[in-house]
Amino acid sequence: SNYIDNMEYFVRCVTAEAGNQDDYGKRLVIDVILNRCDKYNMTTTDIINAPGQFEVVQNNMINIIEPDLHIYDLFIEEVMNRTNEDIIYFREGYFHNFGTPVISHQDHYFSK
């Protein structure tokens, strides 16, 4: 499966991007990555490392932060039963000016 190419890297990304969000917010960020894997038939690492996609890659926080082990459990649950199968973009503070807004939750705004 494209989902399990580098679990620790995936968990580090979600920890850095959504570590301050509740479980629902973390699930939505997990879903963005998984949904992109499905849409583009790419691995999680390729999705995370795509140019300009995740600030935590650009600022190297992904390699500094300690992974939140609870996110491993959330990841497995999301692979089995996705909370949201539509969202493929998110940002902090407001919706992107592209895509179609779907939901905002805590600090993040998710679009398809």
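Above this text you will find the structure in question.
Predicted model only: the values in this text are computed from it and were never measured.

Here the focus is unusual backbone geometry. Backbone geometry places Asn 41, a non-glycine residue, at a positive phi of 50 degrees. Structurally, the position occupied by Asn 41 is in the loop between α2 (23-40) and α3 (44-49). Backbone geometry at Asn 60 places phi at a positive 70 degrees, although glycine is not the residue there.

Sheet topology places strand β2 (residues 101-105) next to strand β3 (residues 108-111); four bridges connect them, and they run antiparallel. From the neighbouring strand, Ser 104 faces β3, where its bridge partner is Tyr 109. What sits between the antiparallel neighbours β2 and β3 is a turn of two residues, in which Gln 106 has the positive phi angle 50 degrees.

Glancing now at the pattern of salt bridges. Evaluation of the coordinates by the stated rule reveals five salt bridges. The shortest N-O distance in the salt bridge between Glu 8 and Arg 12 comes to 2.8 Å. Of this pair, Glu 8 and Arg 12 both sit in helix α1 (residues 7-18), four residues apart, which is roughly one turn of the helix. You can call Arg 12 buried: its relative accessible area is 16%. For Asp 38, the salt bridge identified is with Arg 82, shortest N-O distance 3.0 Å. Of this pair, Asp 38 sits in helix α2 while Arg 82 sits in the loop between α6 (70-80) and β1 (89-92); the two residues are 44 residues apart in sequence, bridging distant segments of the chain. A relative accessible area of 45% places Asp 38 in the partly exposed class. Taken together, the salt bridges that share partners define one network made up of Arg 27, Glu 77 and Glu 78.

It is worth spelling out the packing of α1 against α6 at this point. Viewed as axis vectors pointing N to C, α1 and α6 meet at an angle of 105 degrees, and their least axial separation amounts to 10 Å. It follows that α1 is roughly perpendicular to α6 by the angle criterion. On the side of α1, the interface is formed by Met 7, Glu 8, Phe 10, Val 11, Val 14 and Thr 15, while α6 contributes Ile 71, Tyr 72 and Phe 75.

Per the stated rule, a full pass over the model turns up five aromatic pairs. Taken together, a centroid distance of 4.7 Å and an interplanar angle of 65 degrees make the contact between Phe 10 and Phe 75 edge-to-face. Of the two residues, Phe 10 sits in helix α1 while Phe 75 sits in helix α6, which places them 65 residues apart along the sequence. Neither Phe 10 nor Phe 75 differs from the other in exposure class; each is buried. Consider the rings of Phe 95 and Tyr 109, whose centres lie 5.0 Å apart with planes at 85 degrees: the pair is edge-to-face. Separated by 14 residues along the polypeptide, Phe 95 in the loop between β1 and β2 and Tyr 109 in strand β3 bring together distant segments of the chain.

Rules used throughout
Within any chain, residue numbers begin from 1 and follow the written order of that chain's sequence. Reporting in this predicted model follows two pLDDT cut-offs: at least 70 for local features of residues, and 80 or more for side-chain atom pairs to be given and counted; totals over whole chains, interfaces and linings ignore these cut-offs and use all residues. Working from all heavy atoms in the structure, the side-chain values ignore hydrogens and water. Segments assigned H or I by DSSP are reported as helices when at least four residues long, segments assigned E as strands when at least two residues long, and all are numbered from the N terminus. Note: two strands are recorded as paired if DSSP finds a minimum of 2 bridges between them. Between Lys or Arg on one side and Asp or Glu on the other, a salt bridge is scored when a side-chain nitrogen of the former is within 4 Å of a carboxyl oxygen of the latter. With a 1.4 Å probe rolled over the protein chains alone, any residue whose accessible area is under 20% of its type maximum counts as buried; one over 50% counts as exposed, and the rest are partly exposed. A fitted line through C-alpha atoms serves as each axis, taken over the contacting stretch for helices, and the angle formed by two N-to-C directions is quoted from 0 to 180°. Should an angle fall under 35 degrees it is taken as roughly parallel, and over 145 as roughly antiparallel, whereas 65 to 115 is taken as roughly perpendicular and any remaining angle as oblique. What makes two residues a contact is simply this: any of their non-hydrogen atoms within 4.5 Å. Pairing of aromatic rings covers Phe, Tyr and Trp, the last through its six-membered ring, and needs centres within 6.5 Å; plane angles under 30 degrees mean stacked, over 60 mean edge-to-face, and all others mean tilted.

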